[in-house]
Amino acid sequence: MSRGGALRRLAAHEGRWLVSLVWWVARRRIGVAPGERALGYAAAQAAFVYGLAFVCVVETVGVSVLFTAEPVVHGVLLVLDVYTVLMVLGLQAAAVTRPHVLGAGVLWLRDGARRQLRIPVGRIASVRYDLRFSRSEARAGDAATEGTAAGVAEFAVGGQTSVTVELAEPVVVVGLLGRRATVGTVRFHADDPRAAVRAVREAMAGADDGPMAGRASVTPP
């Protein structure tokens, strides 16, 4: 992928988490229509994110006091530190406002503001509770490259996944920077994984074979 394309994707990602901060303050969720079921996943990382944000705030105050006598340096560092705090909170905001969604015959998995995966329920071969520690290559969607045997993609939170979805046919995952990978298994985390598994199985039982049954895609949100 070209450098310009990667920069555009990064800029779009940054815009998404900034927008998520606004929705978070408004206590609203993005992309959850009436009648659809939201499957939250942000709780597992909340303590870490809030702890990191607190450390960043303390560091901001310390640096501000240290460079009070140098206004230019003080101003630059203050802007950078405040932006860092917002970025950390944006990580949580994106996860809270962009939950996984089950509805209208589609399981919509999201990784905060980074990427998303829409799987027609009719394409799911099986789903099960499966607590695992994640792998870095699978989190990036790079467990297999296009044209090879189907690999695994993970939508992990706090370094773990808790639900495994086996697909009837492989799908192509597109990472944040545009890297593509073919996967036949998708693992994701849910705050209540057993309830998520039950909900997906119920949706599978009631799914109709329709035009969406043969299509699935993964893209940045």
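None of these values were measured; they are calculated from a predicted model. (Residues numbered from 1 in each chain as written. Predicted model: local features only at pLDDT ≥ 70, side-chain atom pairs only at ≥ 80, totals over all residues. Heavy atoms only, no water.)

1. Examining the pairing of strand β4 (residues 116–120)
Filter applied, for reference: To sort residues, take the accessible area from a 1.4 Å probe on protein chains only and compare it with the maximum for the residue type: under 20% means buried, over 50% means exposed, and anything in between is partly exposed. A run of H or I in DSSP becomes a helix once it reaches four residues, and a run of E becomes a strand once it reaches two; helices and strands are each numbered from the N terminus. Criterion used throughout: strands pair if DSSP finds at least two bridges between them.
Within β4, four of the five residues are buried, which leaves the element mostly enclosed by the surrounding structure. Pairing of strand β3 (residues 106–110) with β4 involves five bridges; the strand directions are antiparallel. The residue of β4 that forms the bridge with L107 is I119.

2. Side note on helix α5 (residues 193–206)
Along an α-helix, residues three or four positions apart point the same way, because every turn accommodates 3.6 residues. The line we're drawing: To estimate how far a helix should reach, multiply one less than its number of residues by 1.5 Å. Residue contacts follow a heavy-atom distance rule, with two residues in contact if any of their heavy atoms lie within 4.5 Å.
Relative to the 20 Å expected for 14 residues at 1.5 Å per residue, α5 spans 20 Å between its end C-alpha atoms, a close match to the ideal helical length. Listed as buried for α5 are P193, A195, A196, V197, A199 and V200. Residues of α5 that are buried in the fold lie against β1 (37–39), β2 (100–103), β3, β5 (124–133) and β7 (160–174).

3. Focus: helix α2 (residues 43–66)
In a regular helix each residue adds 1.5 Å, so 24 residues correspond to 34 Å; α2 covers 35 Å between its end C-alpha atoms and thus fits that length. Among the residues making up α2, those that are buried are Q45, A46, V49, A53, C56, T60 and V63. In this structure, the buried residues of α2 make contact with α3 (71–97).

4. Side note on the nonpolar core
Defined as follows: Each nonpolar core is a collection of buried residues, namely Ala, Val, Leu, Ile, Met, Phe, Trp, Tyr and Cys, held together in the definition by side-chain atoms within 4.5 Å.
In this structure, L102, L107, L109, I119, V165, V186 and F188 are the most contacted members of the largest nonpolar core, which totals 24 residues. Counting residues per element, the ones that place at least two in this core are β3, β4, β5, β6 (151–155), β7, β8 (180–188) and α5. It is β7 that provides the largest number of residues to this core, a total of five residues. Once you skip the residues sitting within four places of it in the chain, V165 turns out to touch L107, I124, S126, V127, G184, T185, V186 and F188.

5. Thoughts on the sheet that holds β5
Formally: Only the stretch in contact is used when a helix axis is fitted, and all axes are lines through C-alpha atoms; the angle between N-to-C directions ranges over 0 to 180 degrees.
In spatial order, the strands read β5-β7-β8-β6; together these four strands make up an open sheet with mixed pairing. Since the sheet does not close on itself, it has two edges, and those belong to β5 and β6, each with one partner. The mean inter-strand angle of the sheet, taken between neighbouring strand axes irrespective of direction, is 45°. Here β5 runs beside β7; their pairing, made up of seven bridges, is antiparallel. Within β7, the position partnered with F133 by the bridge is Q160.

6. Let's talk about the side chain of D130
Heads up, the condition is: Counted as a polar contact is a pair of N or O atoms within 3.5 Å, where, for protein atoms, one must be capable of donating a hydrogen and the other of accepting one, and residues adjacent in sequence contribute only when both atoms are in side chains.
For D130, the location among the structural elements is in strand β5. What makes D130 buried here is its relative accessible area of 14%. Within polar-contact distance, the side chain of D130 engages the side chain of R132 at 2.6 Å. Once residues lying within four places of it in the same chain are set aside, the contact partners of D130 are T161, S162, V163, T164 and R187.

7. Brief notes about the packing of α2 against α3
Pairs of packed helices are described in terms of their axes, by the angle between the two and the distance that separates them. What counts is decided by this rule: Here the word oblique covers every angle except those under 35 degrees (roughly parallel), over 145 (roughly antiparallel) and from 65 to 115 (roughly perpendicular). Gly is placed with the polar residues, together with every amino acid not listed as nonpolar (Ala, Val, Leu, Ile, Met, Phe, Trp, Tyr, Cys and Pro) or charged (Asp, Glu, Lys and Arg).
Packing of α2 against α3 brings their axes to within 10 Å, and their N-to-C directions diverge by 170°. One finds that α2 runs roughly antiparallel with respect to α3. Counting all contacts with α2, which are made through Q45, A46, V49, Y50, L52, A53, C56, V57, E59, T60, V63 and S64, the residues of α3 involved are H74, L77, L78, D81, T84, V85, V88, L89, L91, Q92 and A95. A per-class count over the contact of α2 with α3 returns 15 nonpolar, six polar and two charged.

8. Some remarks on the environment of A125
Note on placement: A125 falls in strand β5. Its relative accessible area of 49% is what places A125 among the partly exposed residues. Separated by 60 residues in the primary sequence, A125 and T185 have C-alpha atoms spaced 9.9 Å apart.

9. A short note on the pattern of salt bridges
The condition that has to hold: Whenever a carboxyl oxygen of Asp or Glu lies within 4 Å of a side-chain nitrogen of Lys or Arg, that contact is scored as a salt bridge.
By the definition in use, this model includes seven salt bridges. For D111, the salt bridge is made with R114, and the minimal N-O distance between the two is 2.5 Å. Judged by its relative accessible area of 14%, D111 falls in the buried class. The closest approach of N and O atoms between D111 and R115, which form a salt bridge, is 3.5 Å.

10. Concerning a nonpolar patch on the surface
This is how the line gets drawn: Each patch is built from residues that are more than 30% exposed by relative accessible area and take part in no salt bridge. Like charges join if they lie within 9 Å; nonpolar side chains (Val, Leu, Ile, Met, Phe, Trp, Tyr) join within 5 Å. Here the open area of atoms and residues is found with the Shrake-Rupley method and a 1.4 Å probe, where only the protein chains shown may cover a residue.
On the surface, a cluster of nonpolar side chains totalling about 270 Å² of accessible area is made up of L7, L10 and L177. Secondary-structure assignment places L7 in helix α1 (residues 3–25). Its relative accessible area of 53% is what places L7 among the exposed residues.

Everything listed is a geometric property; what it means functionally is a separate question.
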